[in-house]
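Descriptive analysis of the structure
Below are the chains, spelled out letter by letter.
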Amino acid sequence: MAPRASWKGYLRLSLVSCPVRLYPATTTSERITFNQLHKDTHNRINMKPVDPELGLVERSDLVKGYEYEDKKYIVIDEADLESVKIESNHTMNIEAFVDEGSVDVIYQDAPYYLAPDGAMAEETFIVLREALRRSGKLAIARLVLSSRERVIAIGPRETGMFVCTLRNPNEVRGTAEYFGNIPVGNAEPEMLQLAEALIQQKTTTFDPKNYEDRYEIALLQMIREKLKGHKPIIAAPPDRGNVINLMDALKASLSQAKPPAKSKSKVEPAAKPAAKSAAAKPAAAKKTTTQKKA
(Lines give C-alpha, C1' and ligand atoms only; values in the text may rest on other atoms or scores of the structure.)
Protein backbone atom coordinates (compact mmCIF):
# COMPACT_ATOMS: atom_id res chain seq x y z
CA MET A 1 0.00 0.00 0.00
CA ALA A 2 1.39 3.42 -0.99
CA PRO A 3 2.28 5.68 1.95
CA ARG A 4 -0.21 8.39 2.76
CA ALA A 5 0.93 11.97 2.23
CA SER A 6 0.67 14.38 5.17
CA TRP A 7 0.35 17.34 2.84
CA LYS A 8 -0.13 18.00 -0.88
CA GLY A 9 0.59 21.25 -2.65
CA TYR A 10 3.22 23.08 -4.67
CA LEU A 11 6.93 23.81 -4.30
CA ARG A 12 7.63 27.18 -5.86
CA LEU A 13 10.77 29.17 -6.62
CA SER A 14 9.94 32.54 -8.17
CA LEU A 15 7.85 31.70 -11.28
CA VAL A 16 8.80 27.99 -11.28
CA SER A 17 6.58 25.53 -9.41
CA CYS A 18 5.73 21.84 -9.29
CA PRO A 19 3.17 19.76 -7.39
CA VAL A 20 4.68 17.83 -4.46
CA ARG A 21 3.73 15.48 -1.65
CA LEU A 22 5.05 15.55 1.92
CA TYR A 23 5.53 12.35 3.95
CA PRO A 24 6.63 11.84 7.58
CA ALA A 25 10.24 10.62 7.61
CA THR A 26 10.00 8.91 11.00
CA THR A 27 7.60 6.55 12.74
CA THR A 28 6.91 5.46 16.31
CA SER A 29 4.81 2.42 15.36
CA GLU A 30 7.54 -0.02 16.47
CA ARG A 31 7.84 1.43 19.97
CA ILE A 32 6.60 -0.61 22.92
CA THR A 33 3.49 1.01 24.37
CA PHE A 34 1.34 0.15 27.37
CA ASN A 35 -2.42 0.29 27.88
CA GLN A 36 -4.11 1.19 31.14
CA LEU A 37 -6.01 -1.74 32.71
CA HIS A 38 -8.05 -2.15 35.87
CA LYS A 39 -5.87 -3.87 38.48
CA ASP A 40 -8.48 -6.57 39.23
CA THR A 41 -10.36 -7.24 35.99
CA HIS A 42 -7.48 -6.43 33.61
CA ASN A 43 -10.04 -4.81 31.34
CA ARG A 44 -8.73 -1.96 29.23
CA ILE A 45 -9.86 1.42 30.53
CA ASN A 46 -11.68 3.73 28.11
CA MET A 47 -11.06 7.43 28.54
CA LYS A 48 -14.41 9.10 27.97
CA PRO A 49 -15.10 12.85 27.80
CA VAL A 50 -16.91 14.26 30.82
CA ASP A 51 -18.87 17.53 31.06
CA PRO A 52 -19.01 18.97 34.61
CA GLU A 53 -22.78 19.51 34.25
CA LEU A 54 -23.91 16.69 31.95
CA GLY A 55 -21.53 13.92 32.96
CA LEU A 56 -20.46 11.52 30.18
CA VAL A 57 -20.89 12.98 26.70
CA GLU A 58 -20.43 11.67 23.15
CA ARG A 59 -17.28 12.65 21.23
CA SER A 60 -19.52 13.65 18.33
CA ASP A 61 -20.86 16.45 20.55
CA LEU A 62 -17.41 18.00 21.10
CA VAL A 63 -16.34 21.24 19.37
CA LYS A 64 -13.16 23.30 19.36
CA GLY A 65 -13.02 26.34 21.63
CA TYR A 66 -10.52 29.17 22.12
CA GLU A 67 -10.21 30.58 25.65
CA TYR A 68 -10.03 34.35 25.15
CA GLU A 69 -10.57 35.11 28.86
CA ASP A 70 -10.52 32.95 31.97
CA LYS A 71 -13.23 30.29 31.48
CA LYS A 72 -14.67 32.18 28.51
CA TYR A 73 -14.53 30.50 25.11
CA ILE A 74 -15.36 31.23 21.51
CA VAL A 75 -16.38 28.19 19.44
CA ILE A 76 -14.32 27.52 16.29
CA ASP A 77 -15.80 25.17 13.67
CA GLU A 78 -14.33 23.67 10.50
CA ALA A 79 -15.82 26.43 8.34
CA ASP A 80 -13.93 29.00 10.43
CA LEU A 81 -10.66 27.12 9.95
CA GLU A 82 -11.28 26.77 6.21
CA SER A 83 -11.77 30.52 5.95
CA VAL A 84 -8.21 31.13 7.19
CA LYS A 85 -6.42 30.71 3.88
CA ILE A 86 -2.89 31.93 3.30
CA GLU A 87 -0.38 31.01 0.61
CA SER A 88 1.46 28.43 2.77
CA ASN A 89 -1.73 26.38 3.10
CA HIS A 90 -1.05 24.99 -0.36
CA THR A 91 2.34 26.32 -1.51
CA MET A 92 5.92 26.04 -0.22
CA ASN A 93 7.14 29.36 -1.56
CA ILE A 94 10.94 29.46 -1.26
CA GLU A 95 11.85 32.79 0.34
CA ALA A 96 15.61 32.43 0.81
CA PHE A 97 18.63 30.13 0.68
CA VAL A 98 21.11 29.53 3.50
CA ASP A 99 24.27 27.46 3.96
CA GLU A 100 23.63 23.84 4.96
CA GLY A 101 25.43 24.18 8.29
CA SER A 102 23.88 27.50 9.29
CA VAL A 103 20.60 26.13 10.69
CA ASP A 104 21.28 25.62 14.41
CA VAL A 105 20.33 22.08 15.46
CA ILE A 106 18.30 23.44 18.40
CA TYR A 107 15.79 24.91 15.91
CA GLN A 108 15.39 21.68 13.92
CA ASP A 109 12.15 19.87 14.71
CA ALA A 110 10.31 17.20 12.68
CA PRO A 111 11.75 15.62 9.49
CA TYR A 112 9.74 14.86 6.34
CA TYR A 113 10.37 13.50 2.85
CA LEU A 114 9.34 15.52 -0.18
CA ALA A 115 8.52 13.85 -3.51
CA PRO A 116 7.03 15.00 -6.84
CA ASP A 117 3.29 14.53 -7.18
CA GLY A 118 3.04 12.74 -10.52
CA ALA A 119 5.27 12.23 -13.55
CA MET A 120 4.58 15.72 -14.94
CA ALA A 121 6.23 17.25 -11.86
CA GLU A 122 9.44 15.22 -12.03
CA GLU A 123 11.47 17.40 -14.42
CA THR A 124 10.97 20.59 -12.39
CA PHE A 125 11.49 18.71 -9.14
CA ILE A 126 14.82 17.26 -10.35
CA VAL A 127 16.07 20.68 -11.52
CA LEU A 128 15.34 22.22 -8.10
CA ARG A 129 16.84 19.23 -6.27
CA GLU A 130 20.09 19.31 -8.24
CA ALA A 131 20.38 23.10 -7.99
CA LEU A 132 20.23 22.76 -4.18
CA ARG A 133 22.74 19.91 -4.23
CA ARG A 134 25.28 21.81 -6.34
CA SER A 135 24.95 25.03 -4.38
CA GLY A 136 25.27 23.36 -0.98
CA LYS A 137 22.33 25.44 0.22
CA LEU A 138 19.07 24.81 2.05
CA ALA A 139 15.87 26.49 0.88
CA ILE A 140 13.79 28.31 3.50
CA ALA A 141 10.02 28.38 3.03
CA ARG A 142 6.78 28.27 5.03
CA LEU A 143 4.11 25.61 5.33
CA VAL A 144 0.84 25.26 7.24
CA LEU A 145 0.77 21.97 9.19
CA SER A 146 -1.61 21.04 12.02
CA SER A 147 -3.32 24.44 12.03
CA ARG A 148 -0.14 26.48 12.33
CA GLU A 149 2.36 27.96 9.91
CA ARG A 150 5.83 26.46 10.18
CA VAL A 151 9.11 27.74 8.79
CA ILE A 152 10.81 24.86 6.98
CA ALA A 153 14.24 24.02 5.57
CA ILE A 154 14.36 22.05 2.29
CA GLY A 155 17.36 20.17 0.95
CA PRO A 156 18.28 17.33 -1.44
CA ARG A 157 18.30 13.74 -0.18
CA GLU A 158 19.10 10.85 -2.52
CA THR A 159 16.64 11.12 -5.43
CA GLY A 160 14.17 13.19 -3.44
CA MET A 161 14.27 16.04 -0.94
CA PHE A 162 13.90 16.35 2.80
CA VAL A 163 11.94 18.94 4.72
CA CYS A 164 12.66 19.84 8.33
CA THR A 165 10.21 22.00 10.25
CA LEU A 166 11.94 24.66 12.33
CA ARG A 167 10.96 25.77 15.81
CA ASN A 168 9.80 29.31 16.35
CA PRO A 169 12.38 31.43 18.25
CA ASN A 170 9.94 31.91 21.13
CA GLU A 171 9.88 28.12 21.61
CA VAL A 172 13.64 27.95 22.24
CA ARG A 173 14.76 28.82 25.75
CA GLY A 174 17.76 31.05 26.31
CA THR A 175 20.92 29.61 27.87
CA ALA A 176 21.53 32.21 30.60
CA GLU A 177 19.29 30.46 33.14
CA TYR A 178 21.18 27.18 32.72
CA PHE A 179 24.74 28.23 31.86
CA GLY A 180 24.95 31.56 33.69
CA ASN A 181 26.68 30.18 36.79
CA ILE A 182 29.13 27.91 34.98
CA PRO A 183 32.62 29.43 35.21
CA VAL A 184 34.44 30.14 31.96
CA GLY A 185 37.84 29.06 33.31
CA ASN A 186 40.72 27.44 31.44
CA ALA A 187 41.20 23.67 31.42
CA GLU A 188 44.41 22.31 32.96
CA PRO A 189 46.68 21.67 29.91
CA GLU A 190 47.73 18.12 30.84
CA MET A 191 44.16 16.98 31.54
CA LEU A 192 42.98 18.69 28.36
CA GLN A 193 45.64 16.79 26.38
CA LEU A 194 44.48 13.49 27.89
CA ALA A 195 40.84 14.30 27.13
CA GLU A 196 41.70 15.17 23.51
CA ALA A 197 43.64 11.90 23.16
CA LEU A 198 40.60 10.02 24.51
CA ILE A 199 38.36 11.76 21.98
CA GLN A 200 40.73 10.87 19.13
CA GLN A 201 40.88 7.25 20.33
CA LYS A 202 37.09 6.91 20.26
CA THR A 203 36.46 8.83 17.03
CA THR A 204 34.51 6.88 14.40
CA THR A 205 31.95 7.35 11.62
CA PHE A 206 28.44 7.69 13.02
CA ASP A 207 26.05 4.93 12.00
CA PRO A 208 22.65 5.00 13.77
CA LYS A 209 22.33 1.22 13.30
CA ASN A 210 25.07 0.80 15.91
CA TYR A 211 23.03 2.61 18.56
CA GLU A 212 19.82 0.68 19.08
CA ASP A 213 17.54 1.43 22.01
CA ARG A 214 19.00 -0.96 24.61
CA TYR A 215 16.21 -0.19 27.08
CA GLU A 216 13.58 -1.11 24.47
CA ILE A 217 15.41 -4.38 23.73
CA ALA A 218 15.67 -5.23 27.45
CA LEU A 219 12.01 -4.29 27.93
CA LEU A 220 10.94 -6.62 25.11
CA GLN A 221 13.06 -9.42 26.57
CA MET A 222 11.42 -8.94 29.99
CA ILE A 223 7.95 -9.08 28.37
CA ARG A 224 8.81 -12.31 26.54
CA GLU A 225 10.11 -13.91 29.75
CA LYS A 226 6.97 -12.87 31.60
CA LEU A 227 4.79 -14.37 28.85
CA LYS A 228 6.63 -17.66 29.45
CA GLY A 229 5.83 -17.41 33.16
CA HIS A 230 9.43 -16.64 34.14
CA LYS A 231 10.54 -13.96 36.54
CA PRO A 232 12.36 -11.11 34.79
CA ILE A 233 16.15 -11.11 35.08
CA ILE A 234 17.35 -7.82 36.51
CA ALA A 235 20.48 -6.62 34.76
CA ALA A 236 22.66 -4.71 37.23
CA PRO A 237 24.74 -1.81 35.91
CA PRO A 238 28.45 -2.60 35.54
CA ASP A 239 30.71 -1.73 38.45
CA ARG A 240 32.84 1.19 37.34
CA GLY A 241 34.89 1.36 40.55
CA ASN A 242 35.70 4.47 42.53
CA VAL A 243 37.05 7.52 40.73
CA ILE A 244 39.86 9.04 42.78
CA ASN A 245 40.30 12.24 40.76
CA LEU A 246 39.85 13.56 37.23
CA MET A 247 43.49 13.09 36.22
CA ASP A 248 43.51 9.42 37.29
CA ALA A 249 40.14 8.87 35.61
CA LEU A 250 41.40 10.31 32.30
CA LYS A 251 44.57 8.21 32.40
CA ALA A 252 42.63 5.07 33.27
CA SER A 253 40.12 5.72 30.48
CA LEU A 254 42.89 6.26 27.94
CA SER A 255 44.78 3.12 29.01
CA GLN A 256 41.73 0.93 28.33
CA ALA A 257 42.27 1.51 24.59
CA LYS A 258 38.74 0.37 23.68
CA PRO A 259 37.37 1.06 20.18
CA PRO A 260 34.15 3.11 19.81
CA ALA A 261 31.14 1.32 21.28
CA LYS A 262 28.87 -0.59 18.90
CA SER A 263 25.55 -2.33 19.37
CA LYS A 264 26.04 -5.86 20.67
CA SER A 265 22.84 -7.00 18.98
CA LYS A 266 24.32 -6.61 15.51
CA VAL A 267 26.21 -9.48 13.87
CA GLU A 268 29.39 -8.12 12.30
CA PRO A 269 30.82 -9.56 9.06
CA ALA A 270 33.82 -11.85 9.47
CA ALA A 271 36.23 -9.36 7.86
CA LYS A 272 35.59 -6.55 10.34
CA PRO A 273 37.25 -7.91 13.52
CA ALA A 274 40.60 -8.27 11.68
CA ALA A 275 40.39 -4.69 10.47
CA LYS A 276 39.67 -3.50 13.99
CA SER A 277 42.66 -5.33 15.50
CA ALA A 278 44.96 -3.83 12.87
CA ALA A 279 43.63 -0.38 13.60
CA ALA A 280 44.12 -0.88 17.33
CA LYS A 281 47.96 -0.93 17.05
CA PRO A 282 48.38 2.75 16.09
CA ALA A 283 45.89 3.68 18.83
CA ALA A 284 47.89 1.71 21.38
CA ALA A 285 51.12 3.36 20.22
CA LYS A 286 49.51 6.77 20.47
CA LYS A 287 48.35 5.92 23.97
CA THR A 288 51.89 5.03 25.09
CA THR A 289 53.28 8.26 23.65
CA THR A 290 50.66 10.29 25.43
CA GLN A 291 51.29 8.59 28.75
CA LYS A 292 55.05 9.21 28.49
CA LYS A 293 54.38 12.88 27.95
CA ALA A 294 52.11 12.85 31.00
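Summary of the structure given here. (Residues numbered from 1 in each chain as written. Predicted model: local features only at pLDDT ≥ 70, side-chain atom pairs only at ≥ 80, totals over all residues. Heavy atoms only, no water.)

The next subject is the overall build of the protein chain. Summing up its helical and strand segments, the protein chain has seven helices and 12 strands in all. The contacts of the protein chain with a sequence gap of at least 6 include a subset with a gap of at least 24, amounting to 64%. Total accessible area computed for the protein chain in this model is approximately 23,500 Å², and 55% of it derives from carbon and sulfur atoms. (Helix = DSSP H or I, 4+ residues; strand = E, 2+ residues; numbered from the N terminus. Contact = heavy atoms within 4.5 Å. Areas by Shrake-Rupley, 256 points an atom, 1.4 Å probe, with all protein chains shown as cover.)

As paired strands, strand E1 (residues 7-13) and strand E2 (residues 16-24) are joined by seven bridges and run antiparallel to one another. Note that in E2 the partner of Leu-13 across the bridge is Val-16. Linking E1 to E2, which pair antiparallel, is a turn of two residues; within it Ser-14 sits at a positive phi near 60 degrees. As defined by bridge partners, E2 adjoins strand E9 (residues 108-116) across five bridges and the pair is classed as antiparallel. In the strand pairing of E9, Pro-24 is matched with Tyr-112. (Pairing = 2+ DSSP bridges.)

Take Arg-150: it is sitting in strand E11 (residues 148-157). The class of Arg-150 is buried, set by a relative accessible area of 11%. Within polar-contact distance, the side chain of Arg-150 engages the side chain of Asp-109 at 2.7 Å. Among all residues touching Arg-150, those that are not within four sequence positions of it are Asp-109, Ala-141, Arg-142, Leu-143, Leu-145, Thr-165 and Leu-166. (Buried < 20%, exposed > 50% of the residue type's maximum accessible area, 1.4 Å probe, protein only. Polar contact = N/O pair within 3.5 Å; in protein donor to acceptor, adjacent residues only side chain to side chain.)

Relative to strand E6 (residues 72-76), strand E5 (residues 64-69) runs antiparallel, the two being bridged by five bridges. Residue pairing in the sheet places Tyr-66 in a bridge with Ile-74 of E6. Hairpin connection of E5 to E6: two residues between the antiparallel strands, including Lys-71 at a positive phi of 65 degrees.

For the rest of this paragraph, the subject is the packing of aromatic side chains. Applying the stated criterion to the full structure yields one aromatic pair. An angle of 20 degrees between the planes, with centres 5.6 Å apart, marks the rings of Phe-206 and Tyr-211 as stacked. Using a relative accessible area of 62% as the deciding quantity, one classes Phe-206 as exposed. (Phe/Tyr/Trp six-rings, centres within 6.5 Å; stacked < 30°, edge-to-face > 60°.)

To continue, consider the sheet that holds E1. Either a parallel or an antiparallel arrangement is found when strands of a sheet pair, and the pairing is made through backbone hydrogen bonds. Spatial ordering of the open sheet is given by E7-E1-E2-E9-E12-E11-E10-E8, a layout of eight strands whose pairing is mixed. Each of the sheet's edge strands pairs with one partner strand only, and the pair in question is strand E7 (91-93) and strand E8 (96-99). Geometrically, the sheet is characterised by an average inter-axis angle of 40 degrees between neighbouring strands, direction not taken into account. As judged from the seven bridges shared by strand E10 (residues 137-145) and E11, these two strands associate in the antiparallel manner. Within the sheet, the bridge partner assigned to Arg-142 lies in E11 and is Val-151. Those strands touched by helix H2 (residues 122-135) are E1, E2, E8, E9, E10, E11 and strand E12 (160-166), and its axis lies near 70 degrees from that of E12. (Axes fitted to C-alpha atoms, helices over the stretch in contact; angles between N-to-C directions.)

The next subject is unusual backbone geometry. At Ser-14, a position not held by glycine, the phi torsion is positive, near 60 degrees. Among the secondary structure elements, Ser-14 is positioned in the loop between E1 and E2. Given a relative accessible area of 57%, Ser-14 falls into the exposed group. Its identity is not glycine, yet Glu-158 carries a phi of approximately 55 degrees, on the positive side. Within the element layout of this structure, Glu-158 appears in the loop between E11 and E12.

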